[in-house]
Amino acid sequence: MLSSSLKIVFTYLFVVCLSTLFYSSSIVIVIGSVLMSMLTYLMYAKDKRAAINGNWRVPEKTLHIFSVAGGWLGALIAQDKLRHKTQKQPFRAIYWVTVAMNVAAFVWTLTPSGQATFGRWLSEVIGYL
C-alpha cells in the first residue's frame, strides 16, 4: 500500500503530466520537479546520515530553499522514507508553505498571464544556454 506521501507525489505528478497535453511549457515543470526532487532527496539523505554520525548538518534553510525551488516532492518522499525532519513543527510548517508556493506557481503557469510570463522566462533561460 502506498503511503499518503507517495499518493500526494504521484497525484501531483499525474496532474502536471496531464497538463502537458494542454500546455507545452508544463514539460519543463515535470522535468524540473523531478530533477530538483532527486537533488532534494539526496540533500535530506546526506543530512540524515550526518545526524546519525554526528557530522556537519545541512542547514534547514538550505533544505527549504531546495524545496521551494521545486524539490518539495523529493523532500516529502525523504521525510516519509527516511523518517527525517518529521517531528520538528516549525520546520514542517515552513515546508508546507513551500508546497503551497509550488502548487500556486504551477496553477499560475496554467493561466494566460502565467503562460505568457513563463514562456518569456523559458525563452530567456534557453537563450542563455
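For the structure itself, look to the data block above.
The paragraphs below set out a description of the structure included in this document. Small disclaimer: the values here were computed from a predicted structure and weren't measured.

Here we look at the overall build of the protein
If you tally the helices and strands in the protein, you get five helices and zero strands. For the protein, the α and β elements follow one another from N to C terminus as α-α-α-α-α. Expressed as lengths along the three principal axes of its C-alpha atoms, the size of the protein is roughly 50 × 40 × 20 Å. Burial analysis of the protein (129 residues in total) assigns 38% to the buried set. Counting only contacts in the protein whose residues sit at least 6 apart along the sequence, the fraction spanning at least 24 positions is 66%. When the accessible surface of the protein is split by element, carbon and sulfur atoms take 71% of a total near 7,700 Å². With 12 positive and 4 negative side-chain charges, the protein shows a spacing of 6 Å between the two charge centroids.

Considerations on the layout of surface pockets
Any empty space left between the atoms is revealed when a probe the size of a water molecule rolls over them. Approximately 390 Å³ is the volume attributed to the largest pocket. When contributions to the lining of the largest pocket are tallied by element, the ones reaching two or more residues are α2 (26–53), α3 (60–81), α4 (89–109) and α5 (112–128). Counting residues per element, the lining of the largest pocket draws most heavily on α4, which supplies six residues. Tallied by class, the residues present in the lining of the largest pocket amount to 12 nonpolar, six polar and no charged.

Some details on the pattern of salt bridges
In this structure the tally under the stated criterion is two salt bridges. A salt bridge links Asp47 to Arg57, with the shortest nitrogen-to-oxygen separation between them at 2.8 Å. Taken together, the residues Asp47 in helix α2 and Arg57 in the loop between α2 and α3 connect sequence positions 10 residues apart. Between Lys81 and Asp80 there is a salt bridge, with the nearest N and O atoms lying 3.6 Å from each other. Lys81 sits in the partly exposed class, given a relative accessible area of 47%. Residue class for Asp80 comes out buried when judged on its relative accessible area of 18%.

What to know about α5
Here α5 is 17 residues long and its end C-alpha atoms lie 25 Å apart, about the 24 Å a rise of 1.5 Å per residue gives. Within the sequence span of α5, burial applies to Gly114, Phe118 and Leu122. All buried residues of α5 fall inside an arc of 60° around its axis, so they share one side. The exposed residues of α5 that point more than 90 degrees off its buried face are Pro112, Arg120 and Gly127. The secondary structure elements touched by the buried residues of α5 are α2 and α4.

Some points on helix α1 (residues 4–19)
With 16 residues, α1 ought to run about 22 Å at 1.5 Å a step, and its terminal C-alpha atoms sit 23 Å apart, in line with that. Regarding α1, the residues found buried are Ser5, Leu6, Val9, Tyr12, Leu13, Val16 and Ser19. For α1, the angular spread of buried residues about the axis comes to 155°, placing them on one side. Facing away from the buried side of α1, by more than 90 degrees, are the exposed residues Ser4 and Phe14.

Side note on the side chain of Thr40
With respect to the helices and strands, the residue Thr40 is situated in helix α2. Under the relative-accessibility criterion, Thr40 is labelled buried at 0%. Setting aside residues up to four positions removed in sequence, Thr40 forms contacts with Phe66, Ser67, Gly71 and Ala75.

Here's the deal with the environment of Ser24
Structurally, the position occupied by Ser24 is in the loop between α1 and α2. Measuring from C-alpha to C-alpha, the distance between Ser24 and Tyr95 comes to 29 Å, with 71 residues separating the pair along the chain.

So, how was this worked out
Each residue is numbered by its place in its chain's sequence as written, counting from 1. Since the coordinates come from a predicted model, pLDDT governs what is reported: local features require at least 70, and pairs of side-chain atoms require 80 or more to be given and counted, while whole-chain, interface and lining totals use all residues. Calculation of side-chain values draws on the structure's entire complement of heavy atoms; hydrogens and water are dropped beforehand. Strands here mean DSSP runs of E at least two residues long; helices mean DSSP runs of H or I at least four residues long; both are numbered from the N terminus. With a 1.4 Å probe rolled over the protein chains alone, any residue whose accessible area is under 20% of its type maximum counts as buried; one over 50% counts as exposed, and the rest are partly exposed. Whether two residues are in contact is decided by their heavy atoms: any pair within 4.5 Å suffices. A 1.4 Å probe and the Shrake-Rupley method give the accessible areas. Residues count as covered only by the protein chains that appear here. Counting rule for charge: Lys and Arg are taken as positive, Asp and Glu as negative, and neither His nor the chain ends is counted. Lysine's charge is taken at NZ, arginine's at CZ, aspartate's at CG and glutamate's at CD. Put simply, the grid is 1 Å and covers the protein atoms alone, a cavity is a trapped set of points that fit a 1.4 Å probe, a pocket is an open set with protein on both sides within 12 Å along at least five of seven lines, and lining residues have an atom within 4 Å of a point. Grid points are joined across faces, edges and corners, and a volume is the space filled by probe spheres set on the points. The classification used treats Ala, Val, Leu, Ile, Met, Phe, Trp, Tyr, Cys and Pro as nonpolar, Asp, Glu, Lys and Arg as charged, and all other residues, Gly among them, as polar. Salt bridges are defined as contacts in which a side-chain nitrogen from Lys or Arg sits within 4 Å of a carboxyl oxygen from Asp or Glu. Here, expected helix span is obtained from the residue count minus one, scaled by 1.5 Å. Think of it as the arc spanned by the lines of direction from the helix axis to the C-beta atoms.

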